[in-house]
Structures are given as C-alpha cells and as structure tokens.
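Listed below are the residues making up each chain.
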Amino acid sequence: TYSVFPLNQLLLPHQQIEIEVEWHFILNKETHLRVGQTGPTGFMIAYFFPHIGVYDDIDGWIKYAYSGQSEFYSDFGNFEVEVSVPQEYLVWSSGSLQNPSEVLQNKYYNAKDYLWDSRTIGDVEEERVTINTVYDPNSKDFAKVNDFTAESIAFMTNVFPKIAFPFRNHTVFNGLGMMEYPGMANDKSFEDLDKTRWLTHHETFHSYFPFMTGLNESKYAWLDEGLTMFGTNEYLRAIDSPLKDWI
C-alpha cells in the first residue's frame, strides 16, 4: 500500500523538510506473515510505521505495493524510537538501547514464559556484537542457538563474506516464522539441530543482503535470497554439515 502526498512547494537538493504523521497499526493475531502474535505473551512487531518512498537511479520513485512475499524496499536513515509497554513485558528490538537504567530493572518479569541467553563476541571494540536469544523453554533446540549465532557471525566476519557484521546487536527470537529483520531474526524450532543451525545462519546472513547493501528485494528477491543461500552453503560446507548439499 502506498500513498502520494504532494508538497506545497518544491524540495530542492540539499534542503530538508519535517513531516509529522499520526497513524495506528493493528497487529494480526491469527496469521503470521513477518509480523503478528506468536503466542499468549509474544509479539513480533515489524513494518509498523510509514516509510518514505525510495527514489533510485533505475526506476525513479518506487511504488511497489507490499505483497507479503518480500521485504519493503527502503532507504537508509537514522531512527530514534521510544517504546511504552506494560511493566511486565520484555522488549528486544533493532538498534542500541539508549536508556538501560530505565528498563533493565524489569528484565525478569516474564521469565516464566521465555528464556534469554546473551553474550558479546569480537576482539575489536567497534566490531563487537551482542547476541541475544529469546525462546520458549519448551523449544529444546534453542538452547544452542546463541552458540550457533556466535559461530555464524564469526564465520561471516572472518571467512565469508569477510566483512564486519553490520549490527552491534543481534537478537534471535523463537517465534513462528523463518524471517530476517535488521538486527533480528524470528525463527521457529526444529527437532533436528542441523536444521536449527542452518536456519540460524541463513537468517543472520540476511544482515548483509538485503539490509547492509539495501537491495531492492521487492523487485529482485532472487538476488537477496540467492546471495544468502550461497553464503549459507559456504558455511555448511566449512563445518561439514549433513545439510551442506540440502539446497
């Protein structure tokens, strides 16, 4: 869905404009296509705010309607976000927390419903990554996901694509899907740990494609998934995974 709002006057190169928008967002409860309720106390909230359209040198203004089959094509920008939730809720998100003293006091309120693993990896200060995994205690495979994520990010940084991981924080949430977000992944559980490891690496690798590179996945979904699948297979071959020739 997209809308066009003509400006009262031209916005010239290097000029700025301030736009204020009020909107509401209804979170889907029964279905889960990138966003939605993941259980009685779990919610995956993404793509919930109006995006400014992209103007690129190939297609001009991009007017793709969201079909649910691929991510939005979005420009890069800086975001300052404030989140207000009931006291008993825990929140993980993209970005870096700016006021930990105001929220960490509540971090164990919901411990009966979700477990939380965390670690920081990396030897160089500016390249360190904090990894969080948030999961249902009944999801036995997720006890290994923090290890899998750390191993995957180390491989991406040092072997392939051999580029520093683009986010300083990365959270893998145990939900209903198999989907990537900037600095986050929403992954279902498997009984087979090899499949859990495959999915963890695959969704984490998407941090490069499309999020770091800004690919137009709405138009070129094959490019985003193709590069990510190639990168995942490089990792699976390196660890001699039983799934190295799976896809």
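Residues numbered from 1 in each chain as written. Predicted model: local features only at pLDDT ≥ 70, side-chain atom pairs only at ≥ 80, totals over all residues. Heavy atoms only, no water.

### A short note on the overall build of the protein chain
The criterion, for reference: For helices the rule is a DSSP run of H or I covering at least 4 residues; for strands it is a run of E covering at least 2, with both sets numbered from the N terminus onward. Burial classes follow relative accessibility: with a 1.4 Å probe on protein chains only, a residue under 20% of its type's maximum area counts as buried, one over 50% as exposed, and anything between as partly exposed. The contact criterion used throughout is that any non-hydrogen atoms of two residues lie within 4.5 Å. Where accessible areas are quoted, they stem from the Shrake-Rupley method and a 1.4 Å probe; at the residue level, only the protein chains shown are allowed to cover.
Per the secondary structure count, the protein chain includes four helices and nine strands. Of the regular secondary structure in the protein chain, the N- to C-terminal order runs β-β-β-β-β-β-α-β-β-β-α-α-α. Expressed as a percentage of its 247 residues, the buried residues of the protein chain come to 34%. Considering only intrachain contacts with a sequence separation of at least 6, the fraction spanning at least 24 residues in the protein chain is 54%. Carbon and sulfur atoms make up 54% of the accessible area of the protein chain, which amounts to about 16000 Å² in all.

### Remarks on the packing of helix α1 (residues 145-158) against helix α2 (residues 193-205)
Convention followed: A fitted line through C-alpha atoms represents every axis, and for helices the fit uses only the stretch in contact; the resulting angles, taken between N-to-C directions, go from 0 to 180 degrees. Note on terminology: angles under 35 degrees are roughly parallel, angles over 145 are roughly antiparallel, angles of 65 to 115 are roughly perpendicular, and the others are oblique. Two helices cross in a left-handed way if the nearer one is turned anticlockwise from the farther one by less than a right angle. They cross in a right-handed way if the turn is clockwise.
One can describe the packing of α1 onto α2 by two numbers: an axis separation of 9 Å at closest approach and a directional angle of 50°. On the basis of their axis angle, the class for α1 and α2 is oblique. Here the hand of the crossing between α1 and α2 comes out right-handed. On the side of α1, the interface is formed by Val-145, Phe-148, Thr-149, Glu-151, Ser-152, Ile-153, Phe-155 and Met-156, while α2 contributes Leu-193, Thr-196, Arg-197, Thr-200, His-201, Thr-204 and Phe-205.

### Description of the packing of α1 against helix α4 (residues 221-238)
Heads up, the rule is: All residues other than Ala, Val, Leu, Ile, Met, Phe, Trp, Tyr, Cys, Pro, Asp, Glu, Lys and Arg, Gly among them, are scored as polar; the first ten of these are nonpolar and the last four charged.
Running from N to C, α1 and α4 point in directions that differ by 105°, and their axes come no closer than 11 Å. On the basis of their axis angle, the class for α1 and α4 is roughly perpendicular. Side by side, α1 and α4 meet where Phe-148, Glu-151, Ser-152 and Phe-155 of the first sit next to Glu-234, Tyr-235 and Ala-238 of the second. Here the contact of α1 with α4 is composed, by residue class, of four nonpolar, one polar and two charged.

So far we have only geometry, and geometry alone does not tell us how the molecule works.
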